[in-house]
Structure formats: C-alpha cells, structure tokens
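Structure assessment
Chain residues, written in single-letter form:
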Amino acid sequence: MQEADTRDPLDAIDVTPHDVDRLCAVDSNDVDPAPRLSFSRNVFVPLTTACRYTCTYCTYFDPPGEASLMSREDVRQVLETGADAGCTEALFTFGDKPDDRYDAIHDQLDEWGHDSIHDYLYEMCELALDVGLLPHSNPGDLQHDEMAMLAEVNASMGVMLETTADVGAHAGPRQKTPEQRLDTIRAAGEVGIPFTTGILVGIGEDWEDRAESLLAIRELNEQYGHIQEVLVQPVVENERWNSPTPDAEILRRAVAMARVALPEDVSIQVPPNLAPVREVLDCGVDDLGGVSPVTDDHINPDYAWPGLDELEAIAGEAGVPLDERLPVYERFVDDGGWIDERIEAALAADTVHGERFRSVLEHGENPAGV
Ligand SMILES: O=c1nc2n(C[C@H](O)[C@H](O)[C@H](O)CO)c3cc(O)ccc3cc-2c(=O)[nH]1
Ligand SMILES: C[C@H]1O[C@@H](n2cnc3c(N)ncnc32)[C@H](O)[C@@H]1O
Ligand code: MET
Ligand code: SF4
C-alpha cells in the first residue's frame, strides 16, 4: 500500500539519469512493427468549452463570457447519433474544472442541480450507458475522490501527461503542472480504472524530457498496472500555436522510445488525423485511438478523421489486420476487478447492446458499424 503522499510527486517517481540516457539512445531500428492495428469507434461529447487553464497550444477553450455548457438534451442527441452509427465509445473530454474560473458555468450547473462539472459528467455517463455506449472520460486533472466516483460509470478514463518538463506552453496564472498530472495518473492507479495517457510532442520539451515522461508513465504502470495505452501525439498548428509540428523523424524516434519504455501489453497509440501514421507505423504503433464516423475531433477541429476505408488501407499497406476495439482493452475485462459492475452489466451478452460490445471485444468486429 502507498502511504499518504506528502512528497513532491516528481521525486516519488523513480527515474534515474541513467535510465533517461539509455532511453534517449533508442531509435526506430530498435523496435519491431506491431502484428496488428486497432481503433475505437467513438462519438465525441465536448461537455463545455470553459477551462481553468490556458495552454498556449490549445484552441479548444473559450474565454469567459463565450464559453458554453451542453445541456442534457444536447448530450442525448449526440449520444444517440453515435449509437445509431454503431459507435461503442462515448468520449467525454472538455475543459478542466471550468466551474473554478467561470461563474456562469458554475451558476448553470447549480441551476441544473449539480455542484460540480464532475457530478454532471457522472450523470451524462449514465445517459451514455442507457443509450448503449461505453464512456471514456478525460476531464483533465482529478483528485482521488473525483476519480473514484467517475470510475463507477466509465469503461476507462484518461489524461495526457503531456510532459514532465516545465514548458512555456503551460505558463500563466493557472497552469497544468507535471506534479498535478502525475497525481491524476496515480489516483487512477489507486482507484484501479483502466487508463489512457501519453505525451504531447513538440511543446518545448527536449529528448531527455520525452524519455523522463515515458519513464514516469512506466513507473506508475509498474506500481498499479492500470495503463492500457500511451499516446504519442504531435502538437499541431492552429490559430493559437504557430510553431512547426514535429516531423516524421522526430515522431518515429518518440514512438520507438515509447515502445521500448512500456511493456508489451500497453498499446502505443498515434492519432491518424494529427500524425503521418503511415510513416511511423513500423516503429511499434499498434493503435489508432478513437475515430468518429459522426463527430469532429473537437480539440483539433481542423484535422478531420480519416474514414474507416482509409484505416483499412493503412493497415493493408502495412500487411496487418485492423481490429475494432472497445474503449476498454480486453485484458482488463477478462482480468476481473478492473471495471465497475455497471460496466460489467453493460458488457453482458444477454443485453440489447451487450451482444454488439461482445462481438467487438472478442472478434474485433462490429455488426452495427456503418
Ligand atoms: O479525438 C481525440 N481523442 C483523444 N482521446 C481519445 C482516445 O483516442 C480514445 O478515446 C481512447 O483510445 C479510448 O478508446 C484521448 C483520450 C485520452 O484518454 C487522453 C487524451 C486523448 C486525446 C485525444 C485527442 O486529442 N483527440
Ligand atoms: C486531449 C489532449 O489534446 C491535446 N491537445 C491540445 N491541443 C493540441 C494541439 N494543438 N495539438 C495536438 N494535441 C493537442 C492535449 O494533449 C490534451 O491533453
Ligand atoms: C480538451 S483538452 C483535454 C481535457 C483536459 N482539458 C486536458 O487538457 O487534459
Ligand atoms: S488542453 Fe485541456 S487544459 Fe489545456 S487549455 Fe485546452 S482544454 Fe484546457
């Protein structure tokens, strides 16, 4: 058991300079291509565009006064569109603790009977389960009790570590800090929820920072075993961020480092709308993440999802099968103890949606997919 953590979270991560140096020496020749590729069919629910942080690479958040909150009916509509298109995942990702900074959001939540965005999210996850979708929530930084509550109604959850470095992109009066991100990932481990994390490449970090970030994720996974996938995500240009996006060579090396740093049962995900996946596929990528037939990537709306035929083509050229997966990986469903009883019930084969989920889980095939 972990004792109460009064230490600096970065100190609590046992990453030595020697480990960092060794990982920095890895390149794309040191890894083998994965034998298969997977993806998840999702519908994206951007609950609110308000955020307490102001990451300088992000166009997702709106300033106070302009930020909005989706109503229950808005959410229901998006979820039903997704369920009708055969999606299995409801991806809830949105601004971090918006009610902290935006009185209007706080007041609206209050009017709807919620004392926090997390309380509202809980109810929207229940709605997703009702319409036949498995929630995957990434609401940003969470405390242990918030994580424990949300784990009851999520198949898996996630937060990007981004980087362990203090970068200018996270500057400002309210900012993402590596300590808080690591605390969130640790809280997920303590709670025991299958978890997605990753690094954002090109936000001012150097190779040592990338190695340190990947090793920090490895260390937390060694302690808790909860990491299901690690994203290697290039930062992309937009109206707020006009530095160049990392090129294919940088991504190849970062992906190879991720593959070497993490054990085999942790997937390495590269998003096909943001990265030149064809050029990095042989470096150990085995997952393309959530792809939506019905909604935009609201975080990076200028970058459209490739269609399913394009994903098939990518896998075909690499000579590997393409499998659809659920937002929770099979090993966490089979192992027992990882997913809450409400998610287990949703996955039971004798329910309306359970049969479809089971087919995706066990055969990588979605009978309802369009
Ligand atoms: O559409 C997106 N999906 C993102 N996803 C969704 C992800 O691709 C899938 O939902 C997971 O693979 C679960 O199936 C994230 C999920 C996380 O837990 C953490 C970070 C991300 C980042 C993105 C993202 O930038 N864009
Ligand atoms: C959900 C995740 O989206 C990522 N994110 C935010 N802005 C960008 C961008 N310009 N390019 C790539 N990824 C981005 C962050 O890593 C966040 O954690
Ligand atoms: C819209 S960004 C994703 C969720 C959260 N705001 C974070 O940065 O982690
Ligand atoms: S990346 Fe997430 S935390 Fe940062 S400003 Fe955008 S919405 Fe907020």
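Description of the structure in this document. Being a predicted model, the structure only gives us computed values, none of them experimental.

What counts, and at which threshold
Residues numbered from 1 in each chain as written. Chains lettered and ligands numbered in written order. Predicted model: local features only at pLDDT ≥ 70, side-chain atom pairs only at ≥ 80, totals over all residues. Heavy atoms only, no water. Helix = DSSP H or I, 4+ residues; strand = E, 2+ residues; numbered from the N terminus. Buried < 20%, exposed > 50% of the residue type's maximum accessible area, 1.4 Å probe, protein only. Contact = heavy atoms within 4.5 Å. Areas by Shrake-Rupley, 256 points an atom, 1.4 Å probe, with all protein chains shown as cover. Lys, Arg positive; Asp, Glu negative; His and termini not counted. Charge placed at Lys NZ, Arg CZ, Asp CG, Glu CD. Near = heavy atom within 4 Å. Polar contact = N/O pair within 3.5 Å; in protein donor to acceptor, adjacent residues only side chain to side chain. Nonpolar A, V, L, I, M, F, W, Y, C, P; charged D, E, K, R; others polar. Salt bridge = Lys/Arg side-chain N within 4 Å of Asp/Glu carboxyl O. Patch = residues over 30% accessible without salt bridge, like charges linked within 9 Å, V, L, I, M, F, W, Y side chains within 5 Å. Axes fitted to C-alpha atoms, helices over the stretch in contact; angles between N-to-C directions. Parallel < 35°, antiparallel > 145°, perpendicular 65-115°, else oblique. Left-handed = near helix turned anticlockwise from the far one by under 90°. Pairing = 2+ DSSP bridges. Right-handed = clockwise from strand over helix to strand, strands pointing away.

Another point: the overall build of the chain. Secondary structure summary: the chain contains 12 helices and nine strands in total. With respect to the three principal axes, the spread of C-alpha positions in the chain is 55 × 50 × 45 Å. Within the chain, buried positions represent 59% of all 370 residues. Across the chain, every contact between residues at least 6 apart in sequence was considered, and the portion connecting residues at least 24 apart equals 77%. On the chain, roughly 15200 Å² of surface is accessible, and the fraction owed to carbon and sulfur atoms is 45%. Looking at the chain, you have 25 positive and 75 negative side-chain charges, and the mean spots of the two groups are 1 Å apart.

The local shell around ligand 1 holds 21 residues, among which E89, H136, E229, G290 and R325 are the closest. Between ligand 1 and E89, the relevant distance is 2.3 Å, taken from an oxygen atom to a side-chain nitrogen or oxygen of the residue. Q269 places a polar side-chain atom, nitrogen or oxygen, 3.0 Å from an oxygen atom of ligand 1. Within the complex, the protein chains bury 97% of what would otherwise be the 530 Å² of accessible surface of ligand 1. At the level of secondary structure, the elements contributing two or more residues to the shell around ligand 1 comprise β1 (37-45), β2 (89-93), β3 (134-138), β6 (227-234) and β8 (287-291). Considering each element in turn, the shell around ligand 1 owes the most residues, three residues, to β6. Here the residues of the shell around ligand 1 sort into seven nonpolar, 10 polar and four charged.

Further remarks concern the pattern of salt bridges. For the coordinates displayed, the defined rule picks out 21 salt bridges. A salt bridge links E162 to K176; the shortest N-O distance between them is 2.6 Å. With E162 in the loop between β4 (156-158) and α6 (178-191) and K176 in the loop between β4 and α6, the pair connects residues that are 14 residues apart, well separated along the chain. Judged by relative accessible area, which is 12%, K176 ranks as buried.

Moving on, we come to the site of ligand 3. As a matter of local geometry, ligand 3 sits amid Y60, T93, F94, D96, N138, G140, V159, K176, R181 and I299. K176 is positioned with one of its side-chain polar atoms (N or O) 3.0 Å from an oxygen atom of ligand 3. Between ligand 3 and the protein, one listed contact pairs an oxygen atom with a side-chain N or O atom of R181 at 2.8 Å. A total of 290 Å² of accessible area belongs to ligand 3 in isolation, and the protein chains cover 89% of it. Considering only residue class, the shell around ligand 3 consists of four nonpolar, three polar and three charged.

Quick look at a negative patch on the surface now. Judged by side-chain charge, D103, D107, D110, E111 and D115 come together as a negatively charged surface patch. Given the relative accessible area of 62%, D115 is considered exposed.

Turning to its location among the elements, D141 is positioned in the loop between β3 and α5 (144-151). When its relative accessible area of 1% is taken as the criterion, D141 is described as buried. Between the C-alpha atom of D141 and that of D103, which follows or precedes it by 38 residues, the distance is 19 Å. Sequence-distant contacts of D141, defined by excluding residues within four places in its chain, comprise R52, Y53, D96, E146, V159, Q180, R181 and T184. Within polar-contact distance, the side chain of D141 engages the side chain of R181 at 3.2 Å.

Below, the discussion takes up the packing of α6 against helix α7 (residues 207-224). Where α6 meets α7, the axes come as close as 9 Å, and the angle between the chain directions of the two elements is 20°. Classified by the angle their axes make, α6 and α7 are roughly parallel. In the packing of α6 onto α7, the handedness of the crossing is right-handed. Counting all contacts with α6, which are made through L182, I185, R186, G189 and E190, the residues of α7 involved are A216, L220 and Y224.

Within helix α12 (residues 354-363), burial applies to G354, R356, F357, S359, V360 and L361. Residues of α12 that are buried in the fold lie against β3, β9 (322-325), α10 (330-335) and α11 (341-346).

A positive phi angle, near 35°, is found at K97, a position not held by glycine. Within the element layout of this structure, K97 appears in the loop between β2 and α3 (103-111). The phi angle at E162 is positive, at roughly 70°, despite the residue not being glycine.

Here the focus is the pairing of β1. A large share of β1 lies buried, amounting to nine of its nine residues. Where burial is concerned, the two faces of β1 agree: the one with L37, F39, R41, V43 and V45 and the one with S38, S40, N42 and F44 are both buried. Alignment of β1 against β9, held across four bridges, turns out to be parallel. The residue bridging S40 from the neighbouring strand is R325, located in β9. Both β1 and β8 contribute to a ladder of three bridges, which runs parallel. Bridge assignment links S38 to a residue of β8, and that residue is D287. Examined bridge by bridge, β1 and β2 share four bridges and lie parallel to one another. Considered in β2, the bridge of V43 is made with A90. For the crossover from β1 across helix α2 (residues 72-84) to β2, the handedness is right-handed.

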